[in-house]
Amino acid sequence: MTSSDDDRQHSPDDLTGGPLTAVTGASGALGGRVAKRLARAGVPVRLLGRDPSRLPELPGAHTGPAASYGDGEAMRRALAGAQTLFLVSAHESPDRVREHISAVDAATAAGVERIVYVSFVGAAPDATFTFARDHWETEAHIRVSGVRHTFLRDSWYLAGLPAMTGADGVLRGPGGDGRVAAVAHEDIADAASAVLLSGGGPTGDAAHDGATYELTGPRAFTLTEAAEELSRATGRTITYVPETREEAYASRSGYGAPDWEVAGWVTSYEAIAAGEMATVSDAVQRLTGRPPKDLATYLREHPDSYRHLLPPG
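Residues numbered from 1 in each chain as written. Predicted model: local features only at pLDDT ≥ 70, side-chain atom pairs only at ≥ 80, totals over all residues. Heavy atoms only, no water.

## Considering the overall build of the protein chain
Here's step 1: Across its full length, the protein chain carries 12 helices and 11 strands.
Here's step 2: Its C-alpha radius of gyration of 20 Å places the protein chain within 12% of the 20 Å reference for a compact globule of 313 residues.
Here's step 3: For the protein chain, the C-alpha atoms occupy an extent of roughly 55 × 40 × 40 Å along the three principal directions.
Here's step 4: Put simply, the protein chain has 313 residues, and 51% of those count as buried.
Here's step 5: Counting contacts in the protein chain only where the partners sit at least 6 residues apart, residues at least 24 apart contribute 74% of the total.
Here's step 6: Of the accessible surface of the protein chain, which amounts to about 13,300 Å², a share of 50% is contributed by carbon and sulfur atoms.
Here's step 7: Separation between the mean location of the 29 positive side-chain charges and that of the 41 negative ones in the protein chain comes to 4 Å. (Helix = DSSP H or I, 4+ residues; strand = E, 2+ residues; numbered from the N terminus. Rg over C-alpha atoms; globule rule 2.2 N^0.38 Å. Buried < 20%, exposed > 50% of the residue type's maximum accessible area, 1.4 Å probe, protein only. Contact = heavy atoms within 4.5 Å. Areas by Shrake-Rupley, 256 points an atom, 1.4 Å probe, with all protein chains shown as cover. Lys, Arg positive; Asp, Glu negative; His and termini not counted. Charge placed at Lys NZ, Arg CZ, Asp CG, Glu CD.)

The following block contains the structure:
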């Protein structure tokens, strides 16, 4: 640990001004946005991550000791003194459920009173999307832990649509003509912040306790419609090619990814085809007071997201 890292470490007694919220995934797109919003609101925040040097410097926020979800003792130490845990789901892996259970158990052992967990729309034990099953198992463990909890089930990220479109201008997958109500990271972060800010403290608003919010965009659209919107944004023709399952596995076989990961990619599209991501919720509007972004707005505000699709020159 460097001297600057040491300066950023702290004990629970270092923070004053209200209940402490621990934010995981603060170096990522979602956790980082939530941490900034909480810090801006004056909430005592502890940033958690496997590598504290990668965590952002935020006024009023402090960095906890290095901790990975699977290391229960490290997580317990990192969570000491925290009242609320904002738990961003771990990166996909064969051990993700075990890692989540370890993190939840560490939180309860550390005396955390509330967990706000980022889950996924359609989470179910028999979900088509294999990774959504992980979320269901995690939710089930949190429910029986006895801790106050709120589940934020977000839909596909809007950012994923341009990202999954190849430089050849083709979005491929076995999504058929199913619909997806994709949502922006900013809207998830704002909704999460609203929940975290209104439910803290033993005398705080408990309206979100036990609640499950499905965080979606304002409408569900087909992948063909997504390609049309990408075409308008990029000025070139973007097409959607609805693959069969066999074609989807074959087109991804060259990535060198393990079987479980490829299965997650493929089944995410199949979940769209099955109608499991078509849910449109007003939760973002209710929690934040404003409507969520649609795909056109997202692309207009994030031109870098589709830069790889722009015509040469």
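## Observations concerning the layout of surface pockets
Here's step 1: The calculated volume of the second largest pocket comes to roughly 160 Å³.
Here's step 2: Lining the second largest pocket are 15 residues, and of these Arg219, Phe221, Glu229, Asp294 and Leu295 sit closest to its centre.
Here's step 3: Taken together, the elements giving at least two residues each to the lining of the second largest pocket come down to α8 (223–234) and α12 (295–301).
Here's step 4: Examining the composition of the lining of the second largest pocket, we find that five residues originate from one element, α8, more than from any other.
Here's step 5: Here the lining of the second largest pocket is composed, by residue class, of seven nonpolar, one polar and seven charged. (1 Å grid on protein atoms, 1.4 Å probe; cavity = no way out; pocket = protein on both sides within 12 Å on 5 of 7 lines; lining within 4 Å. Points joined across faces, edges and corners; volume = space filled by probe spheres on them. Nonpolar A, V, L, I, M, F, W, Y, C, P; charged D, E, K, R; others polar.)

## Focus on the packing of helix α2 (residues 29–40) against helix α7 (residues 185–198)
Here's step 1: Packing of α2 against α7 leaves a shortest axis separation of 9 Å and a crossing angle of 45°. Considering their axes alone, α2 and α7 lie oblique with respect to each other. By crossing handedness, the relation of α2 to α7 is classed as right-handed. Contacts between α2 and α7 pair Ala29, Leu30, Arg33, Val34, Arg37 and Leu38 from the former with His185, Glu186, Ile188, Ala189, Asp190, Ala192, Ser193, Leu196 and Leu197 from the latter.
Here's step 2: Of the residues contributing to the contact of α2 with α7, the split by class is nine nonpolar, two polar and four charged. (Axes fitted to C-alpha atoms, helices over the stretch in contact; angles between N-to-C directions. Parallel < 35°, antiparallel > 145°, perpendicular 65-115°, else oblique. Left-handed = near helix turned anticlockwise from the far one by under 90°.)

## Overview of helix α3 (residues 72–79)
Here's step 1: Along α3, the residues classified as buried are Ala74, Met75, Ala78 and Leu79. Axial view of α3: buried residues confined to an arc of 125°, hence all on one face.
Here's step 2: Buried residues along α3 sit in contact with β1 (21–23), β2 (45–47), β4 (84–87) and α4 (96–109).
Here's step 3: Of the residues one or two after α3, Gly81 is the one with positive phi, at around 90°. (Arc of directions from axis to C-beta.)

## Overview of the side chain of Thr150
Here's step 1: Position of Thr150 relative to the elements: it lies in strand β6 (residues 148–154).
Here's step 2: Judged by relative accessible area, which is 0%, Thr150 ranks as buried.
Here's step 3: Among all residues touching Thr150, those that are not within four sequence positions of it are Ile115, Val116, Tyr117, Val195, His208, Asp209, Ala211 and Tyr213.

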